[in-house]
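# Coordinate analysis (summary)
Next come the chains, spelled out residue by residue.
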Amino acid sequence: MTVRIPESPGLRDLGVANWLVCKVIALRQHVPRAHLFTTLGQHRRLMWSWLPFGGVLMRGGKLPNRDTELVILRVGHLRDSQYELQHHRRMGRAVGLDDATQALIFEGPGADGLTGRQRVLLTAVDELVTTRTLSDATWTELATHLDRPRLIEFVMLTSQYDALAATLSALRVPLDFDE
């Protein structure tokens, strides 16, 4: 697979601020380059508008981290986004989604061993990713687990990671880890 955007841009391509951010992110992720960020960083304004939005959805929102990672893992699985899965399998483990739980997430909402909440979240992710909306029945079930701000956040989180999977695929962003 040939990347479509240079995967290792320098200071001239990124600008000082984006170059520094990319270096810090790579250090925190323990990778030589954080390819998503060095790719998006080549559109300087876009990266700076996306970072806070993505940050709020990933760790600054109202959903518990376990729910956030469950959603991201399911979207990554449905979209076969190896980049998302590579990062978020690790992040999921860090918030208590062990390999066995992740296997259930990948199996889907019908998997034995899921909690009722997990089953509803997965059902809603599947529906939103495949139909681009939620049925009244799914919305009603989801609303028994999430309040209004969390419902909004759930839809935005799912949609953001679906869009990110498309971006990663279309731009052919290389993986960060050699596994």
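Numbering of residues starts from 1 in each chain and follows the order in which that chain's sequence is written. Residues qualify for local features only when their pLDDT is at least 70, as the model is predicted, and side-chain atom pairs are given and counted only at 80 or more; totals for whole chains, interfaces and linings, by contrast, use all residues. Hydrogen atoms and water are omitted, and side-chain values are computed over all heavy atoms in the structure.

This next bit is on the environment of Asp126. You can see Asp126 is positioned in helix α7 (residues 116-131). Among the residues examined, Asp126 registers a relative accessible area of 16% and is labelled buried. When the C-alpha atoms of Asp126 and Arg74 are compared, they prove to be 7.9 Å apart, with 52 residues separating the residues in sequence. We call two residues contacting when some pair of their heavy atoms lies within 4.5 Å. With sequence-adjacent residues up to four places away left out, Asp126 is seen in contact with Arg74, Leu78 and Pro109. Counted as a polar contact is a pair of N or O atoms within 3.5 Å, where, for protein atoms, one must be capable of donating a hydrogen and the other of accepting one, and residues adjacent in sequence contribute only when both atoms are in side chains. A polar contact is formed between the side chain of Asp126 and the side chain of Arg74, at a distance of 2.7 Å. Strands are runs of DSSP state E lasting at least two residues, helices are runs of H or I lasting at least four, and both sets are numbered from the N terminus onward. Working definition: with a 1.4 Å probe on protein chains only, accessible area under 20% of the residue-type maximum means buried, over 50% means exposed, and in between means partly exposed.

Looking now at the pattern of salt bridges. Each salt bridge in this description consists of a side-chain nitrogen of Lys or Arg and a carboxyl oxygen of Asp or Glu lying within 4 Å of one another. Applying the stated criterion across every chain yields a total of eight salt bridges. Salt-bridge contacts for Asp162 lead to Arg132; the nearest nitrogen and oxygen are separated by 2.4 Å. Residue Asp162 is found in helix α9 (residues 148-171), and its partner Arg132 is found in the loop between α7 and α8 (136-143); the two are separated by 30 residues along the sequence. Through salt bridges with shared partners, a single network forms among Arg79, Arg132 and Asp162.

Between the N-to-C directions of two axes lies an angle of 0 to 180 degrees, each axis being a line fitted to C-alpha atoms and, for a helix, fitted only over the stretch in contact. Where helix α4 (residues 65-78) meets helix α5 (residues 82-94), the closest approach of the two axes is 9 Å, and the angle between their N-to-C directions is 155°. Regarding the angle of α4 to α5, the classification is roughly antiparallel. Viewed along their axes, α4 and α5 form a crossing whose handedness is left-handed. Only Glu84, Leu85, His88, Arg89, Met91 and Gly92 of α5 make contact with α4, whose side of the interface consists of Glu69, Ile72, Leu73, Val75, Gly76 and His77. When residues are grouped by polarity, Ala, Val, Leu, Ile, Met, Phe, Trp, Tyr, Cys and Pro land in nonpolar, Asp, Glu, Lys and Arg in charged, and all others, Gly among them, in polar. Split into classes, the residues belonging to the contact of α4 with α5 amount to five nonpolar, four polar and three charged. Our angle categories are set so that under 35 degrees counts as roughly parallel, over 145 as roughly antiparallel, 65 to 115 as roughly perpendicular, and the remainder as oblique. Here a crossing is called left-handed whenever its near helix is offset anticlockwise from the far helix by less than a right angle, and right-handed whenever the offset is clockwise.

Looking now at the packing of aromatic side chains. Here the aromatic set is Phe, Tyr and Trp, taking the six-membered ring for Trp, and pairing holds for ring centres within 6.5 Å; pairs whose planes are under 30 degrees apart are stacked, those over 60 apart are edge-to-face, and all others are tilted. Using the criterion set out here, one finds one aromatic pair in the structure. Between Phe37 and Trp50, the ring centres sit 5.8 Å apart and the planes meet at 45°, which makes this aromatic pair tilted. One end of the pair, Phe37, is in helix α2 (residues 35-40); the other, Trp50, is in helix α3 (residues 44-58), with 13 residues separating them in the sequence. Given the relative accessible area of 11%, Phe37 is considered buried.

A word on the packing of α7 against α8. Look at α7 against α8: their axes get within 10 Å of each other, and the N-to-C directions meet at 145°. Classified by chirality, the crossing of α8 by α7 is left-handed. Between α7 and α8, the residues in contact are Val120, Leu121, Thr123, Ala124 and Glu127 and Thr138, Glu141 and Leu142, respectively.

Here the focus is the side chain of Thr38. The topology assignment puts Thr38 in helix α2. For Thr38, a relative accessible area of 6% puts it in the buried group. Looking at Thr38, its side chain comes within polar contact range of the main-chain oxygen of His35, at 3.2 Å.

Just geometry here; none of it tells us what the structure is for.
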